[in-house]
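Next come the chains, spelled out residue by residue.
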Amino acid sequence: MKLAEIVPWGRSGEEYRRMFNLTDADLGKRILGVGDGPASFNAEQITAGGSVVSIDPIYAFSAQEIEKRVEATYYTVIENVQKEEAQYNWTIFQNTDELGKERMKAMNQFLTDYETGKQQGRYLAYALPNLPFPDQSFELALCSHLLFLYSDHLSEAFHQTAIQELMRVANEVRIFPLISLAGSPSPHLSPVLAACEANYIQAEIVNVPYHFQKGAYQMLQLSRTA
Ligand SMILES: C[S@@+](CC[C@H](N)C(=O)[O-])C[C@H]1O[C@@H](n2cnc3c(N)ncnc32)[C@H](O)[C@@H]1O
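Parameters and conventions
Residues numbered from 1 in each chain as written. Predicted model: local features only at pLDDT ≥ 70, side-chain atom pairs only at ≥ 80, totals over all residues. Heavy atoms only, no water. Pairing = 2+ DSSP bridges. Helix = DSSP H or I, 4+ residues; strand = E, 2+ residues; numbered from the N terminus. Phe/Tyr/Trp six-rings, centres within 6.5 Å; stacked < 30°, edge-to-face > 60°. Near = heavy atom within 4 Å. Polar contact = N/O pair within 3.5 Å; in protein donor to acceptor, adjacent residues only side chain to side chain. Areas by Shrake-Rupley, 256 points an atom, 1.4 Å probe, with all protein chains shown as cover. Nonpolar A, V, L, I, M, F, W, Y, C, P; charged D, E, K, R; others polar. Salt bridge = Lys/Arg side-chain N within 4 Å of Asp/Glu carboxyl O. Buried < 20%, exposed > 50% of the residue type's maximum accessible area, 1.4 Å probe, protein only. Core = buried A, V, L, I, M, F, W, Y, C linked by side-chain atoms within 4.5 Å. Contact = heavy atoms within 4.5 Å. Axes fitted to C-alpha atoms, helices over the stretch in contact; angles between N-to-C directions. Parallel < 35°, antiparallel > 145°, perpendicular 65-115°, else oblique. Left-handed = near helix turned anticlockwise from the far one by under 90°. Right-handed = clockwise from strand over helix to strand, strands pointing away.

Read from one edge of the open sheet, seven strands run E3-E2-E1-E4-E5-E7-E6, paired in mixed fashion. One side of each edge strand has no neighbouring strand; the edge strands of this open sheet are strand E3 (123-124) and strand E6 (201-207). Relative to strand E7 (residues 218-224), E6 is paired through seven bridges, and the arrangement is antiparallel. Bridge pairing in E7 places Val-206 opposite Met-219.

Take a look at the structure:
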């Protein structure tokens, strides 16, 4: 992966709690954060006494390299959101200024924690669809703004393999959102649900108390039935 090709953008722990309907009991679990990028969930959870391992190919880069990339792309991302303001509900954030401020706060929290977290093995440069963890290493895997959202970039076969792999390494998997970047339902959702049924994986679509991008208010919750 070339860092120049990616747009690092990270959400806060509060956004994770709402996107994944996380209870205090959930937050006490051994959690795998999948494609966490520069989100502050891991840093915040560790401070609160939780256990999170994050994986993302950007963790092959140094804090300075990621910080430079955040700075280089920040205004482009904000400008794009401004151009498409009507695609978002401005209830969580009042406007793009507040969105930018909150996202930078989260990314700075990540950057402050990053080198220590890397030494502690909490930020690992692994990528879906194959993860080098033993079976059921985690109680809960959370994947935000990667699977289903990038349906035009990641094939159905990629989704199927990635989801089977997540169910191998974790007892339960939650994925948010279920729409693509264009705002339409992901075409990969139905085939993924069919494969889950065939593989004895219980799949539930759950409404969550987070609705920023219009249409993005549901997560997929997966657990084993046998
Ligand atoms: C839009 S960001 C979301 C970051 C974070 N989950 C959040 O919601 O704030 C998507 C992230 O997925 C990562 N990513 C891309 N391909 C990946 C893969 N194959 N496996 C794991 N992460 C990947 C990117 O590097 C990026 O950090």
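In this chain, Leu-128 is followed by Pro-129 through a cis amide linkage whose omega measures 15°. Relative to the assigned elements, Pro-129 resides in the loop between E3 and strand E4 (138-144). For the peptide bond that leads from Phe-176 to Pro-177, omega is -5°, which places it in the cis range. If you trace the backbone, Pro-177 turns up in the loop between strand E5 (170-176) and helix H7 (189-198). The backbone of Asn-21 sits at a positive phi, close to 55°, despite the residue not being glycine. With respect to the helices, strands and loops of the structure, Asn-21 is situated in the loop between helix H1 (13-19) and helix H2 (24-27).

It is worth spelling out the packing of aromatic side chains at this point. Under the definition given, this model contains 17 aromatic pairs. Taking 6.1 Å as the distance between ring centres and 55° as the angle between the ring planes, the aromatic pair formed by Tyr-88 and Trp-90 counts as tilted. Ring geometry for Trp-90 versus Phe-212: centroids 5.3 Å apart, planes at 85°, classification edge-to-face. With a gap of 122 residues between them, Trp-90 in the loop between helix H4 (63-83) and helix H5 (96-119) and Phe-212 in the loop between E6 and E7 connect regions that are remote in the sequence. Among the aromatic residues, ring-to-ring pairing joins Tyr-59, Phe-110, Tyr-114 and Tyr-123 into one connected group.

So, on to the site of the ligand. Near the ligand there are 19 residues, and of these Arg-11, Gly-35, Asp-56, Leu-128 and Ser-144 occur at the shortest range. Between the ligand and Arg-11, the relevant distance is 2.8 Å, taken from an oxygen atom to a main-chain nitrogen or oxygen of the residue. Contact between the ligand and Ser-144: an oxygen atom at 2.4 Å from a side-chain N or O atom of the residue. Look at the ligand: alone it shows 600 Å² of surface, and the protein chains cover 89% of it. Along the lines of polarity and charge, the residues of the shell around the ligand split into 11 nonpolar, five polar and three charged.

Pairing between side chains of opposite charge can happen when the charged atoms of each approach one another. Tallied over the full model, the rule gives eight salt bridges. Two residues, Asp-135 and Arg-168, come together in a salt bridge whose shortest N-O distance is 2.8 Å. Taken together, the residues Asp-135 in the loop between E3 and E4 and Arg-168 in helix H6 (residues 156-169) connect sequence positions 33 residues apart. Assessed through its relative accessible area of 55%, Asp-135 is described here as exposed.

This paragraph deals with the nonpolar core. Grouped burial of nonpolar side chains is what soluble globular proteins tend to show. Of all hydrophobic cores here, the largest spans 39 residues; its most connected members are Phe-20, Phe-41, Ile-66, Leu-142 and Phe-176. At the level of elements, H1, helix H3 (41-47), H4, H5 and E4 are the ones that each hand at least two residues to this core. A total of seven residues in this core trace back to one element, the largest contributor, which is H4. Each residue touching Leu-142, except ones within four places of it in the same chain, is listed here: Tyr-16, Phe-20, Leu-22, Ile-31, Leu-32, Gly-33, Val-34, Phe-41 and Arg-174. Judged by nonpolar contacts, the second largest core, of 30 residues, contains Ala-141, Ile-175, Ile-201 and Leu-220.

One can describe the packing of H4 onto H5 by two numbers: an axis separation of 11 Å at closest approach and a directional angle of 165°. Relative to H5, the element H4 is oriented roughly antiparallel. Where H4 crosses over H5, the two elements pack in a sense that is right-handed. Side by side, H4 and H5 meet where Ala-63, Ile-66, Glu-67, Val-70, Tyr-74, Ile-78, Val-81 and Gln-82 of the first sit next to Thr-96, Leu-99, Gly-100, Lys-101, Met-104, Met-107, Phe-110, Leu-111, Tyr-114 and Glu-115 of the second. A breakdown of the residues in the contact of H4 with H5 according to their chemical character gives 12 nonpolar, three polar and three charged.

Most of strand E1 (residues 30-34) sits inside the fold, with four of its five residues counted as buried. Across five bridges, E1 lies against strand E2 (residues 51-55) in parallel orientation. When the bridges of E2 are listed, Leu-32 appears paired with Val-53. Chirality of the crossover, the property in question, places the unit of E1, H3 and E2 among those that are right-handed.

These figures come from the coordinates and say nothing about function on their own.
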